[in-house]
Amino acid sequence: MSDYKSGMAAALEKSEARSRRAKKIVIGSVVALVVIIALAVGLGVGLSRNSKSSSSGSKGGANNPESSDSVGSDPSNFVKDDRLHQSFYGIAYTPEGSIMPNCGATLENVIKDIQLMSQLTKRVRLYGADCNQSALVLEAIQQTKVDMQVYLANYDVPGDSDAYTRQRDTLKEAIQTYGTDHIAGITVGNEYILNYLNDNGGTDPNDSVGNAGAKLLIADIDDTKQMLSDLGVDLPVGNSDAGSYFNDQVLESVDYGMSNVHAWFANTTADDAASWVFSFFEETNVQPASQLSNKPQMYIAETGWPTKSSDEGNANNGASDASVANLQIFLDDFVCQANANNTGYFFFEFFDEEWKDEMYGGVEGWWGLFTKDRQLKDLTIPDCAAP
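Per chain, residues are indexed from 1 in the order of the written sequence. In view of the model being predicted, local features appear only for residues whose pLDDT reaches at least 70, and side-chain atom pairs are presented and counted only at 80 or more, with totals across whole chains, interfaces and linings using the full set of residues. Processing note: side-chain calculations cover all non-hydrogen atoms of the structure and skip hydrogens and water entirely.

Residue types Ala, Val, Leu, Ile, Met, Phe, Trp, Tyr and Cys, when buried and joined through side-chain atoms within 4.5 Å, form a set referred to as a nonpolar core. Only protein chains enter the calculation, and the probe is 1.4 Å; a residue is then buried if its accessible area is under 20% of its type maximum, exposed if over 50%, and partly exposed in between. Among the nonpolar cores identified, the biggest contains 101 residues, and Phe88, Tyr93, Ile186, Phe334, Phe347, Leu369 and Phe370 are the most heavily contacted of them. In terms of residue count, the dominant contributor to this core is helix H8 (residues 270-290) (9 residues). Beyond its immediate chain neighbours, meaning those up to four positions away, Tyr93 contacts Val110, Asp113, Met117, Val124, Arg125, Leu126, Tyr127, Val137, Phe350 and Phe351. Put simply, DSSP H or I for four residues or longer makes a helix, DSSP E for two residues or longer makes a strand, and each gets a number counted from the N terminus. Pairs of residues are marked as contacts when any of their non-hydrogen atoms sit within 4.5 Å.

Rendered as structure tokens:
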């Protein structure tokens with residue numbers, strides 16, 4: 001237990017560091033936001049208005065991206081890869097080119113991603129709604145005709161009400177266009193309480209500082225629920241945060257919580273990583289949530305293992321290397337066991353993200369099962385049925 005606690009402390013410290021780095025993206029984005037909002041909205045709407053419109057949402061609508069012939073005349077007719085198995089409960093996914101202010105996501109690429117991910121899972125979670133990503137993913141699911149549910153998201157930012165409102169309106173438009181057949185839920189906030197504590201000198205998600213942040217976040221959660229109610233839509237609304245940074249009041253206001261649980265940042269060995277994740281999640285998230293009045297469903301929002309580092313100094317977490325071989329160990333130890341335990345999880349992540357490597361270096365851009373070019377790494381995908 002002492003090793004577990006010390007590992008948890010290390011994980012929290014590194015979660016805070018990752019959160020501070022992530023905030024730089026948001027701060028930098030705000031500077032350019034006024035200039036690009038009209039362009040971003042115009043692109044999203046412009047793409048859709050070139051499609052045939054229908055009130056049913058099966059095609060067209062104000063948020064429906066234009067189809068692309070470059071992925072083939074029928075995106076539902078694609079070659080399956082016999083190395084892939086639908087063994088993952090879910091996959092964490094950020095479409096390429098969907099980080100403000102550098103929007104550049106395309107339907108062609110998202111279709112390719114959905115074709116691949118549908119061979120691994122029936123569930124995908126997003127992190128935000130900017131750059132038209134909600135509509136792009138739902139359109140790709142529609143065109144590929146795969147059995148896929150997506151957790152849409154609003155990347156709510158402390159102190160930036162415009163970011164919340166902008167994404168809420170985009171989500172509303174996507175729901176109006178596509179309906180809810182392929183939407184599993186709406187996640188409001190990603191590491192919001194962690195960020196709020198860092199910004200305001202707090203340390204405990206349930207202290208006075210944490211509760212002040214919770215009040216702001218809950219207002220946005222309630223607003224999202226009202227938006228869905230106004231649409232006549234019944235969807236689960238949840239929240240995502242770092243493993244030890246859930247505020248009880250927030251969890252009592254949602255249907256589900258998604259917890260980021262990374263053994264790498266707790267300095268565990270690759271051999272011990274899966275057991276560490278299971279223990280942390282059960283003790284820090286599942287058990288406490290079960291004591292709340294609403295008993296929210298808890299999921300692992302992120303868990304995985306990096307395959308390389310851009311610099312030698314970050315290539316080892318103090319116990320094991322960032323390597324494809326160690327990702328294989330974690331896959332073998334975690335995936336089928338989690339499935340057998342009925343643990344809901346979203347494996348982190350689909351592919352390497354070049355923008356993270358350029359901005360942060362180290363291991364940040366190298367967590368994918370696939371390379372940035374959508375090539376499966378030298379991995380054997382576990383073969384066991386997911387719940």
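Once that is clear, we can look at the side chain of Glu353. Within the element layout of this structure, Glu353 appears in the loop between strand S8 (345-347) and helix H10 (354-360). Note on Glu353: relative accessible area 5%, which makes it buried. If we ignore the near neighbours within four places in the chain, the residues touching Glu353 are Thr94 and Gly365.

With that settled, consider the packing of aromatic side chains. Between rings of Phe, Tyr and Trp, where Trp is taken as its six-membered ring, a pair exists when centres lie within 6.5 Å; planes separated by under 30 degrees are stacked, by over 60 edge-to-face, and by other angles tilted. This structure, assessed with the given rule, holds 22 aromatic pairs. Aromatic side chains Phe350 and Phe370 sit 5.1 Å apart centroid to centroid with 45° between the ring planes, which places their arrangement in the tilted category. Separated by 20 residues along the polypeptide, Phe350 in the loop between S8 and H10 and Phe370 in the segment after H10 bring together distant segments of the chain. On the basis of relative accessible area, Phe350 is assigned to the buried category, the value being 1%. On the basis of relative accessible area, Phe370 is assigned to the buried category, the value being 2%. Each residue in the set Phe88, Tyr89, Tyr151, Tyr256, Phe278, Tyr299, Phe330, Phe334, Tyr345, Phe346 and Phe347 is aromatic and connected to the rest through ring pairs, giving one cluster. Look at NZ for Lys and CZ for Arg. If either is within 6 Å of the ring centre and within 35 degrees of the ring normal, a charge sits over the ring. For Lys308, the ring lying beneath its charged end belongs to Trp366, and the centroid distance is 4.3 Å.

The next thing to look at is helix H9 (residues 324-340). Taking 1.5 Å as the rise per residue, H9 with 17 residues should run 24 Å; its terminal C-alpha atoms sit 24 Å apart, in good agreement. Within H9, the full set of buried residues consists of Asn326, Leu327, Gln328, Phe330, Leu331, Phe334, Val335, Ala338 and Asn339. In this structure, the buried residues of H9 make contact with H8, strand S7 (297-303) and S8. Two residues or fewer past H9, Asn342 is found with a positive phi of approximately 60°. An expected span of 1.5 Å times one less than the residue number is assigned to each helix.

For the rest of this paragraph, the subject is the state of the cysteines. We call a pair of cysteine sulfur atoms a disulfide whenever their separation is within 2.5 Å. A complete count under the given rule lists 2 disulfides for this structure. One disulfide in the model links Cys103 with Cys131; its S-S distance is 2.0 Å. An S-S torsion of about -70° defines the bridge between Cys103 and Cys131 as left-handed. Of this pair, Cys103 sits in the loop between strand S1 (91-92) and helix H2 (107-117) while Cys131 sits in the loop between strand S2 (123-125) and helix H3 (133-144); the two residues are 28 residues apart in sequence, bridging distant segments of the chain. With relative accessibility at 33%, the residue Cys103 sits in the partly exposed group. On the basis of relative accessible area, Cys131 is assigned to the buried category, the value being 12%. With its sulfur 2.1 Å from that of its partner, Cys336 forms a disulfide with Cys384. Disulfide Cys336-Cys384: torsion about the S-S bond near -100°, hence left-handed. One end of the pair, Cys336, is in helix H9; the other, Cys384, is in the segment after H10, with 48 residues separating them in the sequence. For Cys336, a relative accessible area of 29% corresponds to the partly exposed category. Under the relative-accessibility criterion, Cys384 is labelled buried at 18%.

To continue, consider H2. Among the 11 residues of H2, 9 are classified as buried, and the element is accordingly described as predominantly covered. Those residues of H2 that sit buried are Leu107, Asn109, Val110, Ile111, Asp113, Ile114, Gln115, Leu116 and Met117. Where H2 is buried, its residues meet S1, S2 and H3.

Turning our attention to unusual backbone geometry. Pro101 follows Met100 through a cis peptide bond whose omega is 0°. Mapping Pro101 onto the fold places it in the loop between S1 and H2. The residue after Phe348, namely Glu349, is reached through a cis peptide bond having omega 5°. Tracing the backbone through its elements, the reader meets Glu349 in the loop between S8 and H10. Non-glycine residue Glu191 carries a positive phi angle of around 60°.

These figures come from the coordinates and say nothing about function on their own.
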